[in-house]
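Here are the chains, one letter per residue:
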Amino acid sequence: MGWHPSYRLIGSSPAHKVVHSMLFFVVSKHYKQNIAHLYLNIFPYAPTRSLLASEKTKITFWLSTYPRDIFGGRFVRGVLRYLSNRKEFTRSGSIPHDVAAALKTLWYLYEANKMEPHLLYSEFYSKEISESVDLLEEYLKWSHAKYDKDLNTLVSFCQVPFILSPQAKSKILQVEAEMIKNQVVQASILQHLSGNLFAFPFLVLRVRRDHLIQDTLVQLNVERIDYLKPLKVIFEGEEGIDQGGVTKEFFQLLCRELFNVDYGMFTYEEETRNFWFNPNSMESEETFELVGIILGLGIYNNVILDVHLPLVVYKKVLNIKPLLHDLNDLQPQLGKSLQQLLDYEGDVEETFSLTFQITYDYFGEMKTYDLQPGGGNVPVTNENREKYTELYVKYLLEDSIKDQFQSFNKGFQQVCGHHALQLFHYEELELLICGLPHFDFDALEKVTVYQGGYTKDTGVVKWFWELVKDMPLEEKKALLFFTTGNDRAPVGGLGCLPFIIQRNGGETDRLPTAHTCFNVLLLPEYNSKNKLENRLKLAISNSIGFGLQ
């Protein structure tokens with residue numbers, strides 16, 4: 001392999017040393033032996049000297065031009081292997097010079113991958129770092145230290161969040177949430193002791209099942225600080241004490257109502273099975289703000305929500321501008337049509353006969369919208385089709401739902417707009433809110449704890465797992481909801497879910513019950529597999545409400 005042609009783009013600058021080290025690594029026949037040399041010398045001037053922005057751009061562009069096998073196999077995986085072999089440093093409390101250089105190299109590769117996607121973002125995760133570092137310490141160093149975003153001084157792995165797994169980031173966010181809750185609770189107690197009788201340490205919501213949205217909206221019309229208190233939910237007329245399970249059901253029922261198309265706040269896209277903000281909604285800004293608050297409270301209180309929004313919503317929450325490919329998760333056929341328009345090699349104006357004007361349905365009446373002033377008189381041509389596509393996407397994903405999204409985002413940021421949110425990639429944010437849509441019950445079986453005399457070899461326990469594995473998807477989801485209050489797996493999968501099966505008496509006609517607050521299934525010791533199947537399926541089919549709890 002010879003010198004890469006883009007080498008000349010760098011010129012004679014501090015960046016030249018970086019490129020020379022990288023090229024030395026690539027062309028060497030013994031690159032594995034030289035990997036330490038690469039990382040120890042790639043930033044010989046760090047941390048006191050930084051590259052100019054233009055030099056950084058040149059480096060990332062140069063790296064992005066490499067073939068995928070070299071970029072991923074030699075560069076990215078090479079750095080990750082090096083970090084894996086040096087994992088003992090994670091217990092030292094500081095980042096050694098060579099490790100800092102390796103992390104900075106990985107940062108350049110990550111930025112290059114955004115220019116020219118060679119790898120999935122998940123291929124930058126370091127399992128060893130994610131599982132071995134003290135996440136609380138890393139968060140504290142990150143949030144308190146004065147560091148710069150250009151990575152001239154590395155003090156915490158949170159500065160290079162792409163190496164942290166979603167599970168690690170989720171733990172950091174929960175660490176932050178618990179710290180904030182403790183501060184708010186202590187402040188409320190002090191206010192109460194000082195004579196403010198209305199200063200309560202919890203955010204308590206008393207709601208009626210048949211007036212969920214109205215009751216929630218009224219009671220969340222409180223000071224922003226109250227959102228940060230631990231949440232307790234009470235269903236009027238019910239005896240369930242909220243130790244987590246009532247809150248889970250509250251979120252489940254409220255999301256179901258808010259995203260009901262009959263309510264008019266969201267439209268449903270059959271093509272992708274996703275919901276989208278209704279640009280013609282008659283609901284108030286406060287109601288859309290409520291949806292954002294609910295999503296934020298779900299994250300803040302570690303509750304998985306049953307919401308189906310396209311990824312572009314999470315990009316917008318993280319202040320990332322939507323692009324054409326973001327339509328694929330909302331209206332893929334339209335996205336494909338616009339891409340075909342861009343790729344068409346003939347005469348666009350003659351073939352497509354488009355103008356800078358689009359039509360839309362407004363309660364059964366077709367209306368028009370000019371993508372630019374006088375757009376109905378401006379034909380789409382080969383020269384301006386990129387502008388047309390850009391404006392079309394901007395209208396659909398931004399302008400047409402501007403008020404609705406701004407209110408939604410305002411509510412979300414009020415609850416979750418803290419430090420830890422910056423760590424997440426938008427796909428990880430979706431995972432954090434919605435959980436995993438697929439289930440590995442083998443992993444759940446491996447981590448299950450048995451109590452009350454049961455073991456993994458007890459007959460009824462063996463029958464239970466045999467039945468679970470034979471269940472169709474919908475029944476598995478119903479079982480998960482019955483036992484945990486959610487029908488999706490948490491970040492990290494079902495293998496990260498604390499799950500308990502407890503003996504609840506001997507042979508009986510009683511149904512199995514559950515403590516959803518603690519993920520406990522109370523299972524009688526039935527005398528046959530058929531009876532277990534009958535009793536279990538009857539229980540999970542009637543799992544809404546707390547009559548069985």
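Everything that follows concerns the structure shown earlier in this document.
What you are looking at is a predicted structure, and each value in this text was computed from that prediction instead of being measured.

Focus: helix 19 (residues 459-470)
Given a rise of 1.5 Å per residue, twelve residues ought to cover 16 Å, and the 17 Å separating the end C-alpha atoms of helix 19 matches this to within 8%. Those residues of helix 19 lying buried are V460, V461, F464, W465, L467 and V468. Relative to the axis of helix 19, the buried residues are bounded by an arc of 160 degrees and lie together on one face. Buried residues belonging to helix 19 abut helix 18 (441-447), strand 7 (449-451), helix 20 (473-484), strand 8 (500-503), strand 10 (520-523) and helix 21 (529-540).

Some thoughts on the layout of surface pockets
The gaps left among the atoms become clear once a water-sized probe is rolled over them. Roughly 850 Å³ of volume is contained in the second largest pocket. Taken together, 35 residues make up the lining of the second largest pocket; nearest its centre are Q174, K248, N301, N302 and V303. Elements represented by at least two residues in the lining of the second largest pocket include exactly helix 8 (166-193), strand 2 (231-235), helix 10 (245-258), helix 11 (285-300), helix 17 (426-434) and helix 20. In terms of residue class, the lining of the second largest pocket is made up of 16 nonpolar, twelve polar and seven charged.

Some words on unusual backbone geometry
Unlike most non-glycine residues, N302 shows phi in positive territory, near 60 degrees. Its place among the elements puts N302 in the loop between helix 11 and helix 12 (311-317). On the basis of relative accessible area, N302 is assigned to the exposed category, the value being 53%. Positive phi values are uncommon outside glycine, yet S353 reaches one of about 50 degrees. Among the structural elements, S353 can be located in the loop between helix 14 (348-352) and strand 5 (357-362).

Considering helix 9 (residues 212-219)
Note: α-helices contain 3.6 residues per turn, so residues at a spacing of three or four share the same orientation. Those residues of helix 9 that sit buried are L212, I213, D215 and T216. Looking at the buried residues of helix 9, the elements they touch are strand 1 (203-207), strand 2, helix 10 and helix 11.

Digging into the pairing of strand 1
Only one face of strand 1 is buried, namely the one carrying L203, L205 and V207, since none of V204 and R206 on the opposite face is buried. Examined bridge by bridge, strand 1 and strand 2 share five bridges and lie parallel to one another. Along strand 2, the bridge assignment pairs V204 with K232.

Points about the pairing of strand 4 (residues 274-277)
Of the two faces of strand 4, the one lined by N274 and W276 and the one lined by F275 and F277 are each fully buried. In the sheet, strand 3 (residues 266-269) pairs with strand 4 via four bridges, with the strands oriented antiparallel. Paired with Y268 across the strands is F275, a residue of strand 4. In sequence, strand 3 turns back onto strand 4 through a hairpin of four residues, with R273 there showing a positive phi of about 60 degrees.

So, how was this worked out
- Residues numbered from 1 in each chain as written.
- Predicted model: local features only at pLDDT ≥ 70, side-chain atom pairs only at ≥ 80, totals over all residues.
- Heavy atoms only, no water.
- Helix = DSSP H or I, 4+ residues; strand = E, 2+ residues; numbered from the N terminus.
- Expected span 1.5 Å × (residues − 1).
- Buried < 20%, exposed > 50% of the residue type's maximum accessible area, 1.4 Å probe, protein only.
- Arc of directions from axis to C-beta.
- Contact = heavy atoms within 4.5 Å.
- 1 Å grid on protein atoms, 1.4 Å probe; cavity = no way out; pocket = protein on both sides within 12 Å on 5 of 7 lines; lining within 4 Å.
- Points joined across faces, edges and corners; volume = space filled by probe spheres on them.
- Nonpolar A, V, L, I, M, F, W, Y, C, P; charged D, E, K, R; others polar.
- Pairing = 2+ DSSP bridges.

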